[in-house]
Amino acid sequence: MYISFWLPGLVLTAALVIKLPSILKLWRDPLLRAVGGLLLFACAVFAFAAPATIAWTNRVTGVPNIAAPLVYSLITALSASWLLLVVHWRNGHTDRREQTRRATRWVVSVYAAVVAALWVLFALADVPVEQVRNLDTYYASTPFMREEIVLYLLAHTVACAITTRLVWNWIRTDGLDAWLRWGLRFLGIGYATNLVFSAAKFTAVAARWTGHDLDWLNANIAPSAACIAATFVAVGFIVPHAGQYFHDRWLVRRRHRGLKPLARLMRNVTGGREPLALRATAEMRLIRRETYIRDALLPLSRFLDEDLRGRAYDAALALGHEPGRAQVLAAAVTVLEAVESGRHAPDDDAGTGTGETDTSYLLQEIQALSEVLRHPDEITAVRIRATVPAESMSAHE
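It should be emphasised that the depicted structure is a prediction, and the values quoted were computed from it without experimental measurement.

About the thresholds
Residues numbered from 1 in each chain as written. Predicted model: local features only at pLDDT ≥ 70, side-chain atom pairs only at ≥ 80, totals over all residues. Heavy atoms only, no water. Helix = DSSP H or I, 4+ residues; strand = E, 2+ residues; numbered from the N terminus. Buried < 20%, exposed > 50% of the residue type's maximum accessible area, 1.4 Å probe, protein only. Contact = heavy atoms within 4.5 Å. 1 Å grid on protein atoms, 1.4 Å probe; cavity = no way out; pocket = protein on both sides within 12 Å on 5 of 7 lines; lining within 4 Å. Points joined across faces, edges and corners; volume = space filled by probe spheres on them. Phe/Tyr/Trp six-rings, centres within 6.5 Å; stacked < 30°, edge-to-face > 60°.

Asker: It is not clear to me how the overall build of the protein should be interpreted in this structure. Could you clarify?
Answerer: Along the backbone of the protein there are 17 helices and zero strands. Across the 397 residues in the protein, those meeting the buried criterion constitute 45%. Of the contacts made within the protein by residues no fewer than 6 positions apart, 76% connect residues no fewer than 24 positions apart.

Asker: Explain empty space enclosed by the protein to me, please; I cannot follow it from the model alone.
Answerer: A probe as big as a water molecule, rolled over the atoms, marks out the empty space that is left. Inspection of every chain in the model, using the stated rule, returns two cavities of 30 Å³ or more. Here the largest cavity defines a volume of roughly 570 Å³. Around the largest cavity sit 39 residues that line it, and Phe-5, Ala-49, Val-71, Ile-75 and Phe-197 are the ones nearest its centre. Listing elements by their share of the lining of the largest cavity, those giving two or more residues are helix 2 (30-48), helix 3 (51-61), helix 4 (67-91), helix 6 (135-138), helix 7 (145-171), helix 8 (178-209) and helix 9 (215-258). A per-element tally of the lining of the largest cavity places helix 9 first, with eight residues.

Asker: Teacher, can you tell me more about the packing of aromatic side chains here?
Answerer: Aromatic ring pairs: the centre-centre distance and the angle between the two ring planes describe each pair. Summed over the entire model, instances satisfying the criterion amount to five aromatic pairs. Ring geometry for Trp-182 against Phe-186: centres 6.4 Å apart, planes inclined by 40°, an arrangement best described as tilted. In this pair, Trp-182 and Phe-186 both sit in helix 8, four residues apart, roughly one turn of the helix. We classify Phe-186 as partly exposed; its relative accessible area is 22%. Summarising the aromatic geometry, the rings of Phe-186 and Phe-232 are spaced 6.0 Å apart at their centres and angled 25° between planes, so their arrangement reads as stacked. Residue Phe-186 is located in helix 8, and its partner Phe-232 is located in helix 9; the two are separated by 46 residues in the primary sequence.

Keep in mind that these numbers describe shape and distance, not what the molecule does.
In structure tokens:
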């Protein structure tokens with residue numbers, strides 16, 4: 001089983017591109033800086049850990065296996081960024097700032113020391129034979145290189161175990177946004193899968209110490225686990241942003257479609273369609289439809305019958321509708337009557353509205369008004385009951 005290193009690299013790069021605007025805009029936010037550092041180091045790990053890049057690095061520098069401490073250092077820096085992320089995420093911006101600073105200094109100091117030790121150990125080790133895929137197991141028993149391999153794996157495993165536990169604890173926190181909770185689930189799966197990477201590496205190295213050969217764990221399972229883990233982590237950062245973005249787009253489009261019945265009715269008032277722009281964004285189309293409807297409702301106000309609206313409201317209540325629904329049905333009845341009155345009225349007609357006309361309720365509730373127009377049977381029942389004289393209704397009942 002082998003998964004290309006470039007696949008998670010592309011997904012991680014996409015996550016970095018999505019997060020980059022907010023990171024640059026709010027650079028002073030330590031949490032966003034931690035996210036940016038995590039994604040940057042993750043991209044670097046998969047760029048420099050690819051077999052082709054390892055061979056290129058060794059060839060350009062002229063030092064056999066010089067790519068090993070470079071990749072180990074990047075993995076260690078990535079592990080540190082995981083811990084920094086959870087430190088800032090857990091402590092937030094409130095009264096735990098000093099605790100956050102101490103934890104940050106501790107993580108940076110320890111993992112910087114690990115990186116320095118990796119290069120010192122490599123300088124002391126004798127590793128003349130280039131190994132592109134199986135260096136960890138090939139030099140598992142080599143003095144100094146053995147310690148270097150164990151050191152970077154321990155640093156990676158500790159950071160991964162702590163991060164995994166905290167992420168899965170946060171998933172159970174109350175009040176989380178649904179998209180954020182899904183993002184945390186993907187992060188939790190990713191960090192847990194990273195433990196498979198460490199386990200495979202440690203098992204293969206320990207097998208060499210005991211005289212056994214489990215190099216396939218190091219050459220195939222560990223890299224594949226790392227690729228899968230990185231992909232899940234990248235998706236975990238993408239889901240909250242992409243999910244919220246597409247959810248917002250869906251709400252805008254649904255609102256635009258919801259106003260269609262009322263916009264179609266307003267054609268009888270304006271005598272023409274709403275402005276159409278094929279290249280306009282969904283938000284702009286929604287704004288134009290709302291503006292078109294409100295502009296049509298304003299001249300219609302002279303034909304609105306407030307007395308009819310009151311009777312229609314009472315009629316809707318008598319038919320068993322809730323007060324909110326009754327108000328919208330009454331508004332629909334009033335608007336339909338006004339549209340018919342305006343259609344047959346001369347141009348200089350001042351209108352047949354009665355009472356003090358108030359269109360604010362119509363301008364504010366155009367979405368509800370448009371939605372109720374999809375139920376003509378309910379409107380008809382209220383309209384009949386509101387327009388029949390009270391004496392006739394009493395005699396009929």
